[in-house]
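Per-entry structural report
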Amino acid sequence: MNTTTSLTENKKATVAQLVLKWTTLQKGVRIVLTGAKDKEQAIANAGAMNFDLTANELLSLIYF
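So, here is what we can say about the structure in this document. What you see is a predicted model, and the numbers here were worked out from it, not measured in a lab. (Residues numbered from 1 in each chain as written. Predicted model: local features only at pLDDT ≥ 70, side-chain atom pairs only at ≥ 80, totals over all residues. Heavy atoms only, no water.)

Quick notes on the nonpolar core
- Residues Leu7, Ala13, Leu18, Phe51, Leu53, Leu58 and Leu61 constitute the largest nonpolar core, which totals seven residues.
- If we skip the residues at most four places from it in the chain, Leu53 touches Lys11, Leu18, Lys21, Trp22, Leu25, Leu58 and Leu61. (Core = buried A, V, L, I, M, F, W, Y, C linked by side-chain atoms within 4.5 Å. Buried < 20%, exposed > 50% of the residue type's maximum accessible area, 1.4 Å probe, protein only. Contact = heavy atoms within 4.5 Å.)

Below, the structure written as structure tokens:
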């Protein structure tokens, strides 16, 4: 099982949500702009703010 699969299962998140969350936690990032083709995708994108990533989880994504 790879890092992203493990994290998506543990966090009950999509890969897109992991990417958005990781991006928001990067030094110097103040805002993340996303696109959505419909209401469901916009709601799913917002779900990136419903979980946290530990320092070790962030590092595991960097070195994936």
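After presenting the structure, the write-up continues.
Points about the environment of Ile62
- Within the secondary structure layout, Ile62 lies in helix H4 (residues 55-62).
- According to the relative accessible area criterion, Ile62 is partly exposed, its value standing at 44%.
- Sequence separation of Ile62 and Thr14 is 48 residues, and the distance between their C-alpha atoms is 17 Å. (Helix = DSSP H or I, 4+ residues; strand = E, 2+ residues; numbered from the N terminus.)

A look at a nonpolar patch on the surface
- On the surface, Leu59, Ile62 and Tyr63 cluster together into a nonpolar patch covering about 350 Å² of accessible area.
- The residue Leu59 is located in helix H4 in this model. (Patch = residues over 30% accessible without salt bridge, like charges linked within 9 Å, V, L, I, M, F, W, Y side chains within 5 Å. Areas by Shrake-Rupley, 256 points an atom, 1.4 Å probe, with all protein chains shown as cover. Salt bridge = Lys/Arg side-chain N within 4 Å of Asp/Glu carboxyl O.)

Re the packing of helix H1 (residues 3-11) against H4
- At their nearest, the axes of H1 and H4 sit 10 Å apart, and the two run at 145° to each other. Note on packing geometry: the crossing formed by H1 with H4 is left-handed. Mapping the contact onto sequence places Thr3, Thr4, Leu7 and Lys11 in H1 and Glu57, Ser60 and Leu61 in H4.
- Of the residues that constitute the contact of H1 with H4, the class distribution is two nonpolar, three polar and two charged. (Axes fitted to C-alpha atoms, helices over the stretch in contact; angles between N-to-C directions. Left-handed = near helix turned anticlockwise from the far one by under 90°. Nonpolar A, V, L, I, M, F, W, Y, C, P; charged D, E, K, R; others polar.)

Function cannot be read off these values alone, since they describe shape.
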